[in-house]
Amino acid sequence: RRAFVLLFLVGLAAVGDGFLGSWLLDGGHDAVAVGWYLGLFAMLMMLPSAACAGVLLHRAGLNRTLCLLLALKGALLLGIAVLPVLPVGPTAAVVMAVGCFALGAAVMTAVWQAYMAAAHSAAPATGFAFLTSMEAMVLMLAGLGAGRIALHWGYAPVFFSAAVAALVGAACIPALSF
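This section reports on the structure supplied with the text. (Residues numbered from 1 in each chain as written. Predicted model: local features only at pLDDT ≥ 70, side-chain atom pairs only at ≥ 80, totals over all residues. Heavy atoms only, no water.)

1. What about the packing of aromatic side chains?
Considering all chains together, one arrives at six aromatic pairs under this definition. With a centroid separation of 6.1 Å and 80° between ring planes, the pair formed by Trp112 and Phe128 is classed as edge-to-face. One end of the pair, Trp112, is in helix H5 (residues 90-118); the other, Phe128, is in helix H6 (residues 124-153), with 16 residues separating them in the sequence. We classify Trp112 as partly exposed; its relative accessible area is 39%. Measuring from ring centre to ring centre gives 6.5 Å for Tyr115 and Phe128, while their planes differ by 65°; the resulting arrangement is edge-to-face. In this pair, Tyr115 sits in helix H5 while Phe128 sits in helix H6, placing the two residues 13 residues apart along the sequence. For Tyr115, a relative accessible area of 0% puts it in the buried group. (Phe/Tyr/Trp six-rings, centres within 6.5 Å; stacked < 30°, edge-to-face > 60°. Helix = DSSP H or I, 4+ residues; strand = E, 2+ residues; numbered from the N terminus. Buried < 20%, exposed > 50% of the residue type's maximum accessible area, 1.4 Å probe, protein only.)

2. Notes on the nonpolar core
Grouped together as the largest cluster of nonpolar side chains are 52 residues, with contacts concentrated most on Leu6, Leu20, Trp23, Leu66 and Phe159. Broken down by secondary-structure element, the contributors of at least two residues to this core are helix H1 (2-14), helix H2 (20-26), helix H3 (31-60), helix H4 (62-82), H5, H6 and helix H7 (156-176). With 15 residues, the single largest contributor to this core is H5. With sequence-adjacent residues up to four places away left out, Leu66 is seen in contact with Leu6, Ala110, Val111, Ala114, Ile173 and Phe178. (Core = buried A, V, L, I, M, F, W, Y, C linked by side-chain atoms within 4.5 Å. Contact = heavy atoms within 4.5 Å.)

3. Things to note about the environment of Ser22
Within the secondary structure layout, Ser22 lies in helix H2. Residue Ser22 is classed as partly exposed on the basis of its relative accessible area, which comes to 27%. Polar side-chain contacts of Ser22 include one of 3.3 Å to the side chain of Tyr155. (Polar contact = N/O pair within 3.5 Å; in protein donor to acceptor, adjacent residues only side chain to side chain.)

4. With respect to the packing of H3 against H4
At a minimum axis separation of 7 Å, H3 and H4 run at an interaxial angle of 135°. Compared by their axis directions, H3 and H4 come out oblique. Across the interface between the two elements, Ala53, Leu56, Leu57 and Ala60 from H3 touch Leu62, Arg64, Thr65, Leu68 and Leu69 from H4. Here the residues of the contact of H3 with H4 sort into seven nonpolar, one polar and one charged. (Axes fitted to C-alpha atoms, helices over the stretch in contact; angles between N-to-C directions. Parallel < 35°, antiparallel > 145°, perpendicular 65-115°, else oblique. Nonpolar A, V, L, I, M, F, W, Y, C, P; charged D, E, K, R; others polar.)

5. Side note on H7
An ideal rise of 1.5 Å per residue puts 30 Å on 21 residues; H7 measures up with 29 Å between its terminal C-alpha atoms. A maximum bend of about 30° is found in H7 at Ala170, where proline Pro174 lies one to four positions downstream. All buried positions along H7 are accounted for by Val158, Phe159, Ala162, Ala163, Ala165, Ala166, Gly169, Ala170, Ile173 and Leu176. Those residues of H7 that are buried are in contact with H1, H2, H4 and H6. Directly after H7, the chain includes Ser177, whose backbone phi takes a positive value near 35°. (Expected span 1.5 Å × (residues − 1). Bend = angle between axes of the 7 residues up to and from the residue.)

In structure tokens form, the structure reads like this:
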């Protein structure tokens, strides 16, 4: 049951990542440049980010790592939600989008560790596959709803909602105790 709570909140928090490319495009960035930002730079940052999460998992444990990473993800998503009203240049949006992708890799490293811990010992691969599939379903359904929200009210409510999900997830981790 605790894994389902986590996958629901993390799935909702990850919805914001799916809108970063269109957010940058609609913010005036060139399509080729956005491809470079998110297709190369963000991908290059994901591997060291996931490796750092692995080190953090080893040193701080699963619960503390999940709490920290989800709180950071929530803070970053809140920053993205309010960025349009701040007096910053377009580079800030790129840095935050790349950072959000990289932090997403770190969060998923910790979340997948939680899924492995929650999987039944008799069939761990099946349990892990089931949990990751359920998370993909949450992402898909939440993404459909978030797309409608973005269409009518812009990106800020999507990023704000994802931030709230991440922060609620961070607050719930001690009660879930993996």
